[in-house]
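# Survey of secondary and tertiary structure
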Protein chains: 2
Amino acid sequence: MATIKDVARVAGVSIATVSRVVNKGPKVGQRTRDKVLSVMNELGYTPNANARALVTQKSTTIGLVIPDLSDPFFAALASGVDKIAKDSNVQLLISTSSMSAESEKQAIDLLVERRCEAIIIHSKLLAETTLIELSQRIPGLILIDRFIESINDRCVWLDNLEGGRIAARHFASLGHKQIACINSNYSIDDPKLRLEGFRLALVEQALKLENDMVSENEPSLKGGEIATQKLLASGKPFSALFAYNDAMAIGAISTLEDNGFKVPQDVSVIGFDDVILSRYSRPKLTTLHYPIEEMAQNAAKLALSFAANEQADVVRNYLPRLIKRESTA
Amino acid sequence: MATIKDVARVAGVSIATVSRVVNKGPKVGQRTRDKVLSVMNELGYTPNANARALVTQKSTTIGLVIPDLSDPFFAALASGVDKIAKDSNVQLLISTSSMSAESEKQAIDLLVERRCEAIIIHSKLLAETTLIELSQRIPGLILIDRFIESINDRCVWLDNLEGGRIAARHFASLGHKQIACINSNYSIDDPKLRLEGFRLALVEQALKLENDMVSENEPSLKGGEIATQKLLASGKPFSALFAYNDAMAIGAISTLEDNGFKVPQDVSVIGFDDVILSRYSRPKLTTLHYPIEEMAQNAAKLALSFAANEQADVVRNYLPRLIKRESTA
DNA sequence: TTGAAAGCGATACCAC
DNA sequence: GTGGTATCGCTTTCAA
């Protein structure tokens, strides 16, 4: 692959001059510029970004750590970061981290080795202390979907508790009395918070969620189906079901209808996240909108500006919003 | 950020030695090794991948060009590449390209600048000549979802024509006579090929697709709805509908049911791609499985081995497979 | 307007 | 075992 030296030699100029025309630097004679340009073209010269990164001390890359690219939620997150990356002319580097703390740490390290100036991290498993320490070492580090008080200025997060509350109030306003919930069985904060908010607001409405009306399982379509089957098997009737996420909600609807319950006539179902699936399901899913793409954009903006030692003025904390579609009545 | 020099100075050894311990090189005394390790840790030293890439002439990165990260189909593609990248200890760089030839070219150039040894490209718009030339310059370049005869060894593709055929035969075997199709209106090969295969196999079964029974629109949920409305508005009855992709198929089902047609009792619908959506829809979608994740994995393996000047023995051409679910009868 | 040369942070070859 | 040093491809003063 042709280097700047090759171009310089063939064009009969110094590498400094070639560098100037590559970087559209000023003060290059029209004739020299044309000559260099034509040689560059002839040789198929492409500047080496690694060499450039080394000398300029900036990699013009933004790194992203997420668990899984194929999950629509994370795909939306990545897409948000990508949009800002494009706008800012930086390359997107993705590091996926299977579900473990070490794996998350390793994914981050890879991005640090590349010297990404900005790094967005979706980490549910890394210890707070590790994250705090990391954020001190790396100015452009931003946490998404996680709130750590002492570094809250480096976080972009959603109020999960309030999400649970909104769901509860919606059911209450619809007059439901017999209420159930299918939750994620992962040991992270989100399921706990959503359930807690749900419970809290139910109490305010003089309603309550019986303990055996909560069924936990994997936060997937299948998990939603199984959790719902268990609920049904318990024999206790319910007319309102709050699901941890859209996938579980759609699994629930599937199981409910297979068992002769109509949604929403017999049972109302609320999902969470408002991923693309919720608009493709039938009935279309009532759910809590998680503005992940917008949040990711802001996280990226924030990361980039922190990296540049600037002040970005973006919203960092978000509230989920109820999207009423067809699965509740 | 601490460099190898800092570590060497503090540890009282040469940078060569530090380099040896970083790279687990042989012949380093236990005492020196421990000393260096502890200093590295103390200083929070992380090797600079850019510098390393410069001297070793290998970036240990794999680049991917796709139009859009948020589309489930491309998310699955990216996920496949990511898996191989992880296995091979290379970083994934993603360049998205909005729908234009220049934009695709630009996305590729960015990856070339980074000196990605392997590059997977999903390009529908770049001219064949450009792609051929590019593949000559870059040994690790692989095309996915595109077939170019003269560089077929660098392509991983699906037989779209056969996909159309399979759909037609399925309808024929079910005894359908009145057949319709909603197709993508993008000017790329895929819609043409799928329709052509569909027509061809229909003819073999002594069936035919009337010209006014083909409705084109955007390959999206909305596009599927609109295309189906137009079909319905024409007044001609049909009992079988072949959709360009799953999103259009689900849009079609939605419109059909809103107009009082039951799926599959009144109308059978076949989708294409078998993206995650198809399992979440109700009725679950009968569709043609597009093994994009596996294809992406093979493309990545192929790209990496071409980059290393080796021979990878992987499947490059795929046939779609009919997945019978609930939307056809 | 152009060129010479000093690095950026690492690797790897050659001595000792 | 360990150290010295040329080198990767480029940017950026400093001179001319």
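Here the residue numbering is sequential within each chain, running from 1 through the sequence in written order. Chains carry letters from A onward and ligands carry numbers from 1 onward, assigned in written order. For a predicted model such as this one, the threshold for reporting local features is a pLDDT of at least 70, and the threshold for listing and counting side-chain atom pairs is 80 or more; totals across whole chains, interfaces and linings nevertheless cover every residue. Hydrogen atoms and water are omitted, and side-chain values are computed over all heavy atoms in the structure.

### With respect to the relation of the copies chain B and chain A
Selection rule: When the copies are overlaid, the least-squares fit takes in C-alpha atoms only where the residue has pLDDT of at least 70 in both copies. Residues count as neighbours in contact if any of their non-hydrogen atoms are within 4.5 Å of one another.
Superposing chain B onto chain A takes a rotation of 180° combined with a translation of 0.0 Å along the rotation axis, leaving an RMSD of 0.1 Å. Here the transformation between the copies is reduced to the relation of a two-fold axis. Both copies contact each other with a shared surface, as 98% of the interface residues of chain B are interface residues in chain A too.

### Observations regarding the interface of chain B and chain A
Going by this rule: Here the quantity called buried area is the total loss of accessible area, with a 1.4 Å probe, experienced by two parts when brought into contact, counted for both. Any Lys or Arg side-chain nitrogen located within 4 Å of an Asp or Glu carboxyl oxygen qualifies as a salt bridge. Under the rule applied, a polar contact is a pair of N or O atoms within 3.5 Å (in protein, one hydrogen donor and one hydrogen acceptor; residues adjacent in sequence only if both atoms are side-chain atoms). The way it works is that DSSP assigns letters per residue, a run of H or I at least four long becomes a helix, a run of E at least two long becomes a strand, and they are numbered from the N terminus. Residue type decides the class: Asp, Glu, Lys and Arg count as charged, Ala, Val, Leu, Ile, Met, Phe, Trp, Tyr, Cys and Pro as nonpolar, and the leftover types, Gly among them, as polar. In short, DSSP must find at least two bridges between two strands for them to pair.
With 52 residues of chain B in contact, the opposing surface of chain A contributes 51 residues. Of the roughly 4,700 Å² buried at the junction of chain B and chain A (both faces included), carbon and sulfur atoms supply 54%. The three residues of chain B that bury the most area against chain A are R114(B), Y280(B) and R282(B), which together make up 18% of that side's buried surface. Applying the counting rule to chain B against chain A returns four salt bridges. Of the charged contacts, one joins R282(A) and E257(B) as a salt bridge, the two residues approaching to 3.2 Å between their closest N and O atoms. Connecting chain B to chain A are 24 residue pairs in polar contact (both at pLDDT 80 or more). Only helix 4 (49-56), helix 5 (72-87), strand 2 (91-96), helix 6 (101-113), helix 11 (246-258) and helix 12 (277-280) of chain B provide two or more residues apiece to the side of chain B that touches chain A. Partitioning the side of chain B that touches chain A into residue classes produces 24 nonpolar, 14 polar and 14 charged. Sheet topology note: the strand 2 (residues 91-96) of chain A/strand 2 of chain B ladder contains three bridges and is antiparallel. Bridge assignment links L93(A) to a residue of strand 2 of chain B, and that residue is L93(B).

### Some remarks on the pattern of salt bridges
All names here are of chain B. In plain terms, the rule: Throughout this description, buried means an accessible area under 20% of the type-specific maximum (1.4 Å probe, protein chains only), exposed means over 50%, and partly exposed covers the range between.
Scanning all chains against the criterion turns up 26 salt bridges over all chains. In this structure, K83 and E293 form a salt bridge, with 2.3 Å as the shortest nitrogen-oxygen distance. Of the two residues, K83 sits in helix 5 while E293 sits in helix 13 (residues 292-307), which places them 210 residues apart along the sequence. What makes E293 partly exposed here is its relative accessible area of 22%.

### Re the protein's contact with DNA strand C
The test is simple: One heavy atom within 4 Å of a molecule or strand makes the whole residue count as near it.
Lining the immediate surroundings of DNA strand C are 29 residues, of which R20(A), G29(A), T32(A), I4(B) and S19(B) lie closest. The sugar-phosphate backbone supplies 66% of the atoms of DNA strand C found within 4 Å of the protein. A distance of 3.1 Å separates a phosphate oxygen of DNA strand C from a polar side-chain atom of Q57(A). One of the side-chain N or O atoms of N23(B) is found 3.0 Å from a phosphate oxygen in DNA strand C. The set of elements that each furnish at least two residues to the surface near DNA strand C consists of helix 2 (15-22) and helix 4 (49-56) of chain A together with helix 1 (4-11), helix 2 (15-22) and helix 4 of chain B.

### Observations regarding the sheet that holds strand 10 (residues 286-289) of chain A
All names here are of chain A. Using the following cut-off: Here, axes are lines fitted to C-alpha atoms. For helices the fit covers the stretch in contact, and angles between N-to-C directions go from 0 to 180 degrees.
With mixed pairing, six strands are arranged side by side in an open sheet as 7-6-8-9-10-12. Edge positions in the sheet fall to strand 7 (214-217) and strand 12 (321-323), since each of these pairs with one other strand and no more. Sheet twist, expressed as the average angle between the axes of neighbouring strands with direction ignored, equals 20°. Pairing of strand 6 (residues 179-184) with strand 8 (residues 240-243), which is carried by four bridges, proceeds in the parallel orientation. Its bridge partner lying in strand 8, A180 is registered against L241. The strands that helix 8 (residues 160-173) touches are strand 6, strand 8, strand 9 (268-273), strand 10 and strand 12; relative to strand 9, the one it contacts most, it runs at about 160°.

### What about the sheet that holds strand 7 (residues 214-217) of chain B?
Residues and elements named next belong to chain B. Spatially, 7-6-8-9-10-12 is the arrangement adopted by the six strands of the open sheet, whose pairing is mixed. Unpaired on one side and paired on the other, strand 7 and strand 12 (321-323) mark the two borders of the sheet. When strand polarity is set aside, the average angle formed by the axes of neighbouring strands in this sheet is 20°. As paired strands, strand 10 (residues 286-289) and strand 12 are joined by three bridges and run antiparallel to one another. In the sheet register, T287 faces strand 12, and the bridge partner there is I323. Contacts between helix 10 (residues 221-233) and the sheet are confined to strand 6 (179-184), strand 7 and strand 8 (240-243), with strand 7 contributing the most and set at about 150° to the helix.

Just distances and angles here, no functional claims.
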